[in-house]
Each structure stands twice: as C-alpha cells, then as structure tokens.
Amino acid sequence: MTDRSAATRRIASFEIDLTRYLNPDGSLTAEPPAFARDREQARAMYALMVRTRLFDKKAVALQRTGQLGTYAAVLGQEAIGVAIGHALAAEDIFIPAYREYAAQFARGVPLHAILQYWGGDERGMAYPEGTPSHHDFPLSVPIATHVPHAIGVAYAIRLKQERRVVLASCGDGATSKGDWYEAISSARIWNLPIVFLVSNNGWAISMPSHRQTGAATFAQKGLAGGLHSEQVDGNDVIATRAVLAAAIERARNGEGPSLVEALTYRLHDHTTADDARRYRPEAEVTAAWERCPVKRYKAYLETAGFWSADDEAALIADATAAAEAAAQAFVATAPQAPEAIFDHLYATLPKSMEWQREEVRNRGPIGGGH
Ligand SMILES: Cc1ncc(C[n+]2csc(CCOP(=O)(O)OP(=O)(O)O)c2C)c(N)n1
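What you are looking at is a predicted structure, and each value in this text was computed from that prediction instead of being measured.

Let us look at helix H3 (residues 78–87). With nine of 10 residues buried, H3 is to be regarded as a mostly interior element. Of all the positions in H3, only Glu 78, Ala 79, Ile 80, Gly 81, Val 82, Ala 83, Ile 84, Gly 85 and Ala 87 are classed as buried.

Rendered as structure tokens:
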C-alpha cells in the first residue's frame, strides 16, 4: 500500500460550542446576559415556565380521566419554549413541532386552545387576531413536515425584503427525516432568515438519541448545510434564550441561518399513549430530575434576590387557577360539526370529497369538551 498522507490536505474541520450559564444547582458559570439581570424580565420567564408546567399537569390529568385525547407532555423541556417565547420578536414567525407550549402562550395562544387541539378540535389552532401567534403555524404532529414549510415562509420574507425571522422547532428524531435535510440544505444556499431549533430530549419515543445518529452531536448536522451550528443547555433558560436571541439577530441582519441543538430531557412518557417504563431505565429519569429547568432557574432567581417564598405561593395559586380555567373553558366548548374538518382544509371542496363530507356529517360530533 502506498502512503498517501503527503498527497492529502485538510480542507475543512469543525468545532461545536456548548453554552451554559446555569449549573444544575442554579449557580452561575459566567456573568449572565442583561435580560437575566433585569428583575422583571427574569421573573416573567420563571412565571411562564411554572404556568406551563402546571398547565401540562392539568392536561395529563384531563387525558387520564378520559376528557382529552392523546397529549404530548412538555415536562422537563419547559425552558426551551420560554426561551423561544422571549427571544422572538412579535413580527417573527414561529413554526413549532408540538412541545413548545410556553412559546405559544408567550405569543398569545390561550391555554385552552392547546387542549382543544389535543381534543381533536382544529379550532384551537385558529390563534387570536391581534397577537403575534396569529401569523404563527399550528402544531405539527407529523414529524419534520413543517420544516420545509418554514423554508417557504423564510423564502417569502427574503423576497419581500422584510426584517422578520422564522424559528422552526423539532425533536432529535425529526433530524433523521429527508424533509429536514432538504430544509437544512436550502437554508444556507438561499441565505434565509431562519433558525432551526432541535430539542434533543434523549428519546424519539423509544429510540434513544445515541441510536438516532452516529454523530457526536445533532448540531453538526447543520454544518453539512453550511449553517452556524451550536449546542446549548436546553434546561438552562438563560443560555437558551441568549443563544437563540443571537441566532435570531444574525438571521435578521442577513447573516444567515443557524441550527441550535438544545440539550434537554423528556421527563414524561412520549405522549399519554406511551409507557416509557417499558424501554427507559428508571435511574436515567431520576438523574435527569436533578437537571430540571424549573428548579435550576428558581435557585438562580432566589440567589439574585428576585424571588421569595411569597412570590412562589402567589404564582402557584395563579398558575393553578389559570390551568383550571383553561380546563373548564375546554370542557365547556360545544363540539364542532363533524364535517368541519373538510371546511378547515379546503376553501372550495373538491367534488370527489363531497360524499366523504356527507358520510362524516352523519357520524356525529367531534372535538370540544367531552
Ligand atoms: C411523519 C411521521 N412519522 C412518524 C410519526 C410517529 N412519531 C410520532 S412522534 C415520533 C418521534 C419523534 O421524536 P423527536 O423528533 O425526537 O421528538 P420528541 O417527540 O422526542 O419531542 C414519531 C416517530 C409521525 N408523527 N410523523
């Protein structure tokens, strides 16, 4: 065999950065950004995180008591939605997967609308006018199919020369799909104002992340498309907001797309239709609770003098009441006409669908509180 080393030159090499401000015990690794030193902003982020956690608990309880369809819990991943909600500007466009409820709440989606969606009622995705959510996308349960759509939106923004940014979120499993790679590939070629957020929560249902890719990180998948790519501790709301805000700013300034891999952990089952005990070691879950984003951020706030026991009691009471009110609003919603699913999908119903619409109409109501 000939030695070809003399003929070989290295033409590319790469590094992936990981950002973390908060250790799991809430202590700081570095001086935090200005927003985390601002009492009001820092408190608002915590309130949203706790509200989301209590909403989530209520949603699971509704499903367990037969009042809600399958629901995807966000337990353990709340910081990511909070960071998205606080990093995006009102005019930006959020194109979510299905676990980033906190971001949707921040942008004006009412809590009960999310329950409505998981109750099989598409009206929950008609977000209120006059809120930033109005121009956002509905949840995407089909994995990664919304990511090329996000490219289309970002392309339109560039064409119209608007200073808006698209943020598309998905899980680690979604990065295995062809449509996801197609989007990554187009983003840089067209220099689109887009940020891809990949929540690496350790699992894609029963498939662990380390079997999802042979690569050391999911972030480096973005490098293949020429994207600015990095990791962040997704259980550290300060770091996640800071990294996303920087990526959004680059996109807004025409400096190209980014991929952010947020390291987190799904503390709940995949959905209420799943039983993770069948495939996931209990010890892994116990260890992950030590990295809980709520506990960590609360410790930071307390040390900073931004949070007291009275604040906590008031927030828990308020967030519990909000979750309860959402549940009641959902349960009280009259079901929509069964044929409404056709009306939501088509402006003009194709002739070939008319008999299907009739058949569904005769079947009885769907959605609403039941
Ligand atoms: C196109 C498509 N294929 C398969 C499924 C079934 N499915 C639902 S969730 C899921 C795993 C998704 O894992 P990941 O992207 O890591 O997101 P996570 O649920 O962990 O947040 C799969 C395969 C689906 N919803 N859509």
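After that view of the structure, there is still more to cover.
Our focus in this paragraph is helix H12 (residues 293–304). Residue pairs three or four apart in sequence face the same way in an α-helix, which turns once every 3.6 residues. Here H12 contains 12 residues, and its C-alpha end-to-end distance of 17 Å stays within 8% of the 16 Å for a straight helix at 1.5 Å per residue. Those residues of H12 not exposed but buried are Pro 293, Val 294, Arg 296, Tyr 297, Ala 299, Tyr 300 and Leu 301. Check the buried side of H12 and you find it contacts helix H1 (34–37), helix H2 (39–64), H3, strand E7 (228–233) and helix H10 (237–252). Gly 305 occupies a position one or two residues after H12 and carries a positive phi of about 80°.

Let us look at the side chain of Asp 172. Within the secondary structure, Asp 172 sits in the loop between strand E3 (166–171) and helix H7 (178–189). Of the side chains bearing the opposite charge, Arg 266 lies closest to the buried Asp 172, which forms no salt bridge; the N-O distance is 8.0 Å. Only 3.3 Å separates the side chain of Asp 172 from the backbone nitrogen of Asn 201, close enough to count as a polar contact.

On the secondary structure map, Gly 85 appears in helix H3. Overall, Gly 85 belongs to the buried group, its relative accessible area being 14%. It is 17 Å that separates the C-alpha atoms of Gly 85 and Gly 171, two residues lying 86 residues apart in sequence. Residue contacts for Gly 85: discarding those within four places in its chain leaves Ala 103 and Ala 106.

With that out of the way, let us pick up unusual backbone geometry. Here the phi dihedral of Ala 144 falls at roughly 70°; this positive angle occurs in a residue that is not glycine. Considering the arrangement of structural elements, one finds Ala 144 in the loop between helix H5 (111–118) and helix H6 (146–159). Notably, Asn 191 is not glycine yet its phi reads approximately 50°, a positive angle.

Where H2 contacts H5, the two axes come as close as 11 Å, and the packing angle between them is 30°. In this structure, the crossing between H2 and H5 has a hand that is right-handed. Facing H2, whose interface residues are Phe 55, Ala 59 and Leu 62, H5 presents Leu 111, Ile 114 and Leu 115. Here the contact of H2 with H5 is built from residues that sort into six nonpolar, no polar and no charged.

By nearness alone, 15 residues border the ligand, and Tyr 98, Arg 99, Gly 173, Ala 174 and Trp 203 come closest of all. In the model, an oxygen atom of the ligand is placed 2.7 Å from a nitrogen or oxygen of the Gly 173 main chain. The backbone of Trp 203 places a nitrogen or oxygen atom 2.8 Å from an oxygen atom of the ligand. Taking 580 Å² as the accessible area of the ligand by itself, protein coverage stands at 69%. Among the residues making up the shell around the ligand, the classes are represented as eight nonpolar, four polar and three charged.

Right, let's talk about the packing of aromatic side chains for a bit. Summed over the entire model, instances satisfying the criterion amount to 12 aromatic pairs. An angle of 65° between the planes, with centres 6.0 Å apart, marks the rings of Phe 55 and Tyr 101 as edge-to-face. Of this pair, Phe 55 sits in helix H2 while Tyr 101 sits in helix H4 (residues 101–106); the two residues are 46 residues apart in sequence, bridging distant segments of the chain. Ring plane angle 15° and centroid distance 5.6 Å describe the contact between Tyr 71 and Tyr 101, whose orientation is recorded as stacked. You can see Tyr 71 sitting in the loop between H2 and H3 and its partner Tyr 101 sitting in helix H4, a full 30 residues away along the chain. Note on Tyr 101: relative accessible area 0%, which makes it buried. Through a chain of ring-to-ring contacts, the aromatic side chains of Phe 55, Tyr 71, Tyr 101, Phe 105, Tyr 117 and Trp 118 assemble into a single cluster.

It is worth spelling out the sheet that holds strand E8 (residues 258–263) at this point. Across a sheet, paired strands are connected by hydrogen bonds in the backbone, their directions being either parallel or antiparallel. Taken in spatial order, the six strands make up an open sheet running E1-E7-E8-E4-E3-E2, and their pairing is parallel. Both edges of this open sheet fall to strand E1 (18–19) and strand E2 (93–95), since each of them pairs with a single strand only. Bridge analysis of E3 against strand E4 (residues 194–200) gives six bridges, and the strand direction is parallel. The residue bridging Ser 169 from the neighbouring strand is Leu 197, located in E4. Across the sheet, H3 touches E2, E3, E4 and E8, and the angle it forms with E4 is around 165°.

Rules of the game
Counting restarts for each chain: residues are numbered from 1 in the order of the written sequence. Only residues with pLDDT of at least 70 are given local features in this predicted model, and only at 80 or more are side-chain atom pairs given and counted; all residues enter the totals for whole chains, interfaces and linings. Values shown for side chains rest on all heavy atoms present in the structure; no hydrogens or waters enter the calculation. We call a residue buried when its accessible area falls under 20% of the maximum for its residue type, exposed when it is over 50%, and partly exposed in between, using a 1.4 Å probe and counting protein chains only. Each helix is a run of H or I in the DSSP string that is no shorter than four residues. Each strand is a run of E no shorter than two, and both are numbered from the N terminus. Given the number of residues in a helix, its expected span is that number minus one, multiplied by 1.5 Å. Here a residue-residue contact requires only that any non-hydrogen atoms of the pair lie within 4.5 Å. The charged-residue count follows a simple rule in which Lys and Arg add positive charge and Asp and Glu add negative charge, with His and chain termini not counted at all. What makes a salt bridge here is a side-chain nitrogen of Lys or Arg within 4 Å of a carboxyl oxygen of Asp or Glu, nothing more. Polar contact is the term for a pair of N or O atoms within 3.5 Å; when the atoms are in protein, one must be able to donate a hydrogen and the other to accept it, and sequence-neighboring residues count only if both atoms are side-chain atoms. Under this scheme, a helix contributes an axis fitted over its contacting stretch, all axes are lines through C-alpha atoms, and angles between N-to-C directions fall in the 0 to 180 degree range. By definition, any crossing whose near helix is turned counterclockwise from its far helix by less than a right angle is left-handed, and any crossing with a clockwise turn is right-handed. Three categories are distinguished: nonpolar for Ala, Val, Leu, Ile, Met, Phe, Trp, Tyr, Cys and Pro, charged for Asp, Glu, Lys and Arg, and polar for the others, with Gly belonging to the last. Neighbouring residues are identified by heavy atoms, a residue being near a molecule or strand if any of them is within 4 Å of it. Accessibility throughout is a Shrake-Rupley quantity obtained with a 1.4 Å probe, and a residue counts as covered only by protein chains that appear here. Stacked, tilted and edge-to-face pairs are distinguished by plane angle, under 30 degrees for stacked and over 60 for edge-to-face with tilted covering the rest, among Phe, Tyr and Trp rings (Trp via its six-membered ring) whose centres lie within 6.5 Å. When DSSP finds two or more bridges between two strands, those strands count as paired.

Shape descriptors only; they carry no functional weight alone.
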